[in-house]
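Coordinate inspection notes
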Amino acid sequence: MYEVKIAASEQEREAAFTVRKKVFVEEQGVPLTMEIDEHDTSASHFVVYDGQKAIAAGRIRSIASEVGKVERVCVLKEYRGQHLGVLIMNALEEHAKKTGIHKILLNAQSYAIPFYEKLGYGVTSPEFMDADIPHRAMEKQMDPAL
């Protein structure tokens, strides 16, 4: 059974960073200086655990009144295909609603666009490069009544 937690301690934040480093730095070749950034101190971090092992992560931060940005969503390679991306996105969206965010923005790696479209996100930009990886901006309007 998997558990999603909002990182409430330094140890849980480090667990999120460990997953991110494995996926983005080691697997995808993103420089560590780009992966860990100034927003990590203000963002809300989420971690999915399989028992005591951190296996997926993501963060959300407020960027304007009622607007949030989801970033760094990732799942360890050996756990992909088990709907953990949906699990963490649902937790991020639930947190957004509870904190007054009604619109979520994100920059999706281009291969992941169908995943986000199934969750109700729409593409809002042409393709652009970020860390030498093709991305497109996406957004979703949240229903404040839900």
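The structure under discussion appears in the preceding block.
A brief report on the enclosed structure follows. (Residues numbered from 1 in each chain as written. Predicted model: local features only at pLDDT ≥ 70, side-chain atom pairs only at ≥ 80, totals over all residues. Heavy atoms only, no water.)

What the protein chain contains, in helices and strands, is four helices and eight strands. The linear arrangement of helices and strands in the protein chain, starting from the amino end, is β-α-α-β-β-β-α-β-α-β-β-β. Seen through its C-alpha atoms, the protein chain measures out along the principal axes to roughly 35 × 35 × 30 Å. Looking at the 146 residues of the protein chain, the share that counts as buried comes to 46%. (Helix = DSSP H or I, 4+ residues; strand = E, 2+ residues; numbered from the N terminus. Buried < 20%, exposed > 50% of the residue type's maximum accessible area, 1.4 Å probe, protein only.)

The subject of this paragraph is the pairing of strand E5 (residues 103-109). As judged from the four bridges shared by strand E4 (residues 67-75) and E5, these two strands associate in the parallel manner. Of the residues in E5, the one forming a bridge with Val 67 is Lys 103. In this fold, E4 hands off to helix H3 (residues 84-98), which returns the chain to E5; that crossover is right-handed. (Pairing = 2+ DSSP bridges. Right-handed = clockwise from strand over helix to strand, strands pointing away.)

According to the stated counting rule, one finds 14 salt bridges in the structure shown. A salt bridge links Arg 59 to Asp 37; its shortest N-O distance comes to 2.9 Å. Taken together, the residues Arg 59 in strand E3 (residues 53-64) and Asp 37 in the loop between helix H2 (32-35) and strand E2 (44-50) connect sequence positions 22 residues apart. Among the ionic pairs, Glu 139 bridges to Lys 103, the shortest N-O distance being 3.8 Å. Residue Glu 139 is located in strand E8 (residues 133-141), and its partner Lys 103 is located in strand E5; the two are separated by 36 residues in the primary sequence. Glu 139 gets classed as partly exposed once you look at its relative accessible area, which sits at 29%. (Salt bridge = Lys/Arg side-chain N within 4 Å of Asp/Glu carboxyl O.)

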